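If you want the building blocks of each chain, they are given just below.
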Amino acid sequence: MTRIFLILLCLPFRSPAQSTSYLGRFEGSEINNEVQLDWQMLAGSVCQGIDVYRSSDSLNFELVGHISGDCGNISIPVDFEFRDTNPLPNKKNYYQLELGLLGTSHIISVVVTDPGEKGILISPNPAIGNVEIVFNNEQNLYTELEIYNAGGKLVETATTQGDRFFLNTRIFPAGEYLVVLNIEKRMRLTEKLLIVAR
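Thresholds, definitions, all that
- Residues numbered from 1 in each chain as written.
- Predicted model: local features only at pLDDT ≥ 70, side-chain atom pairs only at ≥ 80, totals over all residues.
- Heavy atoms only, no water.
- Pairing = 2+ DSSP bridges.
- Helix = DSSP H or I, 4+ residues; strand = E, 2+ residues; numbered from the N terminus.
- Axes fitted to C-alpha atoms, helices over the stretch in contact; angles between N-to-C directions.
- Contact = heavy atoms within 4.5 Å.
- Buried < 20%, exposed > 50% of the residue type's maximum accessible area, 1.4 Å probe, protein only.
- Phe/Tyr/Trp six-rings, centres within 6.5 Å; stacked < 30°, edge-to-face > 60°.

Caption draft 1: Focus on the sheet that holds strand β5 (residues 78–84). Taken together, three strands build an open sheet; the order of strands is β1-β2-β5 and the sheet is antiparallel. Each having just a single partner strand, β1 (23–31) and β5 make up the two edges of the open sheet. On average, each strand axis in the sheet is tilted by 15 degrees relative to the strand beside it, whichever way the strands run. As defined by bridge partners, strand β2 (residues 34–41) adjoins β5 across seven bridges and the pair is classed as antiparallel. Directly across from W39, in β5, lies its bridge partner F80.

Shown next, in the form of structure tokens:
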């Protein structure tokens, strides 16, 4: 009788499981059309090198940065930051960290809005509910919003010194509107807004 013996080797492998227990925080924010990532390695968490990955769909990631050397400290928490200078404009950017052999972080998302050459962006457009009107206003100038219906009648006004307005289009009948931004009465930006029937 022939006996067959199977020998199983236990080899180390990197688990795809998320290792959020090593992080005190992991967050991102948009700054001037770039994404600033900030995170903290908890005390006692140490790894060798950190890779920063970005995705447009939260499934397929590409490497966008690497922080070499030791990461973390046995006795104290350590803060890290990374600036993505080339994020995907006008959509969600998903980010995940690979913490050396410790595994991967949870996934966060940051929406980057870029008004482009026109200087104004309305999203979504056509609209069925809430829309965001984003424009270039790095100097925080006083800006007036005016919205006109297809007949040229002024139907909405607002002011800000920021770089965006939020608008609930459910209060307007379906149709085409003209959005006008008067920035410090020295610059005028216009864009069409289409509100569709609900």
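Caption draft 2: Layout of unusual backbone geometry. With an omega of -5 degrees, the peptide bond running from S123 to P124 counts as cis. Mapped onto the secondary structure, P124 falls in the loop between β8 (120–123) and β9 (130–135). In this model, N125 is joined to P126 through a cis peptide bond whose omega is 15 degrees. Residue position: P126 is located in the loop between β8 and β9. One non-glycine residue, S58, adopts positive backbone phi at about 70 degrees. Structurally, the position occupied by S58 is in the loop between β3 (45–55) and β4 (61–73). At N140, a position not held by glycine, the phi torsion is positive, near 55 degrees.

Caption draft 3: Looking closely at the side chain of T169. For T169, the location among the structural elements is in the loop between β12 (164–168) and β13 (175–183). Excluding residues that lie within four positions of it along the chain, T169 makes contacts with A127, I128, G129, V131, L193, I195 and R198.

Caption draft 4: Summary view of the environment of A158. Within the fold, A158 resides in strand β11 (residues 154–160). When its relative accessible area of 29% is taken as the criterion, A158 is described as partly exposed. Spatially, the C-alpha atoms of A158 and E144 are 5.9 Å apart, while their sequence positions differ by 14 residues.

Caption draft 5: Structural view of the pairing of β3. Of all 11 residues in β3, eight are buried; the element is thus mostly enclosed. Examined bridge by bridge, β3 and β4 share 10 bridges and lie antiparallel to one another. Paired with S45 across the strands is N73, a residue of β4. Two successive antiparallel strands, β3 and β4, enclose a turn made up of five residues, where S58 displays a positive phi of approximately 70 degrees.

Caption draft 6: Just the pairing of strand β6 (residues 91–99), in detail. Counted residue by residue, β6 has seven buried out of nine residues, so it is predominantly covered. Where β3 meets β6, six bridges bridge the pair, whose relative direction is antiparallel. Paired with R54 across the strands is Y95, a residue of β6.

Caption draft 7: The arrangement of the sheet that holds β6 in detail. A sheet is described by the order of its strands in space; here four strands give the open sequence β4-β3-β6-β7, paired in antiparallel fashion. Among the strands making up the open sheet, the edge pair consists of β4 and β7 (108–112). On average, each strand axis in the sheet is tilted by 25 degrees relative to the strand beside it, whichever way the strands run.

Caption draft 8: Looking closely at the packing of aromatic side chains. The final tally for this structure, using the stated rule, is four aromatic pairs. Measuring from centroid to centroid gives 6.2 Å for F26 and W39, while their planes differ by 90 degrees, and the two rings are edge-to-face. In this pair, F26 sits in strand β1 while W39 sits in strand β2, placing the two residues 13 residues apart along the sequence. Each of the two residues, F26 as well as W39, counts as buried. Centroid distance W39 to F80: 5.9 Å. Interplanar angle 10 degrees. Geometry classified as stacked. One end of the pair, W39, is in strand β2; the other, F80, is in strand β5, and 41 residues separate them in sequence. Through successive ring pairs, a cluster of aromatic residues spans F26, W39 and F80.

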